Amino acid sequence: MPGLEKARELFAEVQVAPSILSADFGRLREQVAEVLDAGARVIHVDVMDGHFVPPITVGPNVVAALADSVHDAGGLLEAHLMIERPERSVADYLSAGADSVTVHAEATAHLARTVGLIHEGGAGAGVAINPGTPPEALAEVGHEIELALCMTVNPGWGGQPFIARSLEKLPRVRAAIGAGVAIEVDGGIDPGTAPGCRVAGAGVFVAGSAIFAEPEPAAAYAAIVAALADVPRR
């Protein structure tokens, strides 16, 4: 299934998306397999360049290393590019096997063109905004994207506490993008914070340390899924 079609299908449902940022990279394939076996279908890959955010993390080679096993399980790889001028790197992540690519509105002067490049490559397109960025930054591309990511911590490091005022921001994100686009939250997501985000409008929940910092990642993933069960969305 092409990435764009897969992204539209999976993002239409509630998803808990394990982020490999907090995984044990010595056991990366094994830990990703554990959460896939537990039912995860969106694997989130945080890419940081040391410029847009201070840390440097992974590149297309990690996406390529995971692509076959994730796809064989019926899953999707989302590359979250926390990098400057992401339009220069989109093709590399698509070639590596990313099914969806999310870029930051703050990182490029050519947001609409970058979304177009992602779609031309056959993948789902997401746009992220930082906690200090107003939802209106999404308005001009809201009708073109599959995913709007509202950062619920300041990007750069895992394990940060959830920013509570994000719950007030999520309905404003929905107003900016309209219906039919998934809202994703990333940062401080765990069984305690995910339900409130769901009520406020989120449908995709990125969790890193809440899953991979736990002794049993599959059980930690299942705990977030259980916390979201039967929670109504606004």
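Quick notes on the rules
Residues numbered from 1 in each chain as written. Predicted model: local features only at pLDDT ≥ 70, side-chain atom pairs only at ≥ 80, totals over all residues. Heavy atoms only, no water. Buried < 20%, exposed > 50% of the residue type's maximum accessible area, 1.4 Å probe, protein only. Helix = DSSP H or I, 4+ residues; strand = E, 2+ residues; numbered from the N terminus. Pairing = 2+ DSSP bridges. Right-handed = clockwise from strand over helix to strand, strands pointing away. Contact = heavy atoms within 4.5 Å. Expected span 1.5 Å × (residues − 1). Arc of directions from axis to C-beta. Salt bridge = Lys/Arg side-chain N within 4 Å of Asp/Glu carboxyl O.

Caption draft 1: The arrangement of the pairing of strand β6 (residues 147-151) in detail. The buried fraction of β6 amounts to five of the five residues, a majority that puts the element mostly inside the structure. Here β6 shows two buried faces, one formed by Leu147, Leu149 and Met151 and the other by Ala148 and Cys150. With four bridges connecting them, strand β5 (residues 124-129) and β6 associate as parallel partners. Pairing of glycine 126 across the sheet is with leucine 147, part of β6. By the bridge criterion, five bridges tie β6 to strand β7 (residues 182-186) in an arrangement that is parallel. Bridge pairing in β7 links leucine 147 to alanine 182. Note that the unit made of β6, helix α6 (residues 166-177) and β7 has a crossover that is right-handed.

Caption draft 2: The arrangement of the environment of alanine 207 in detail. With respect to the secondary-structure elements, alanine 207 resides in strand β8 (residues 204-207). Exposure remark for alanine 207: the relative accessible area of 1% places this residue in the buried category. The spatial distance from the C-alpha of alanine 207 to the C-alpha of glutamate 144 is 26 Å, given a sequence separation of 63 residues. Beyond its immediate chain neighbours, meaning those up to four positions away, alanine 207 contacts Ala17, Pro18, Ser19, Ile189 and Ile224.

Caption draft 3: Structural view of α6. With twelve residues, α6 extends 16 Å from end C-alpha to end C-alpha; this agrees with the ideal 16 Å at 1.5 Å per step. Residues of α6 that are buried: Ser166, Lys169, Leu170, Val173, Ala176 and Ile177. Within α6, the buried residues cover an arc of 120 degrees as seen down the axis, which keeps them to one side. Residues of α6 that are exposed and point over 90 degrees away from its buried face: Glu168 and Ala175.

Caption draft 4: The pattern of salt bridges, seen in detail. Throughout the structure, instances matching the rule amount to six salt bridges. Lysine 6 serves as the salt-bridge partner of aspartate 99, at 4.0 Å between the closest nitrogen and oxygen. Taken as a pair, aspartate 99 in the loop between α4 (90-96) and β4 (100-104) and lysine 6 in helix α1 (residues 3-11) lie far apart in primary sequence, 93 residues in all. Neither aspartate 99 nor lysine 6 differs from the other in exposure class; each is buried. Its salt-bridge partner being arginine 27, residue glutamate 34 comes within 3.5 Å of it at the nearest N-O pair.

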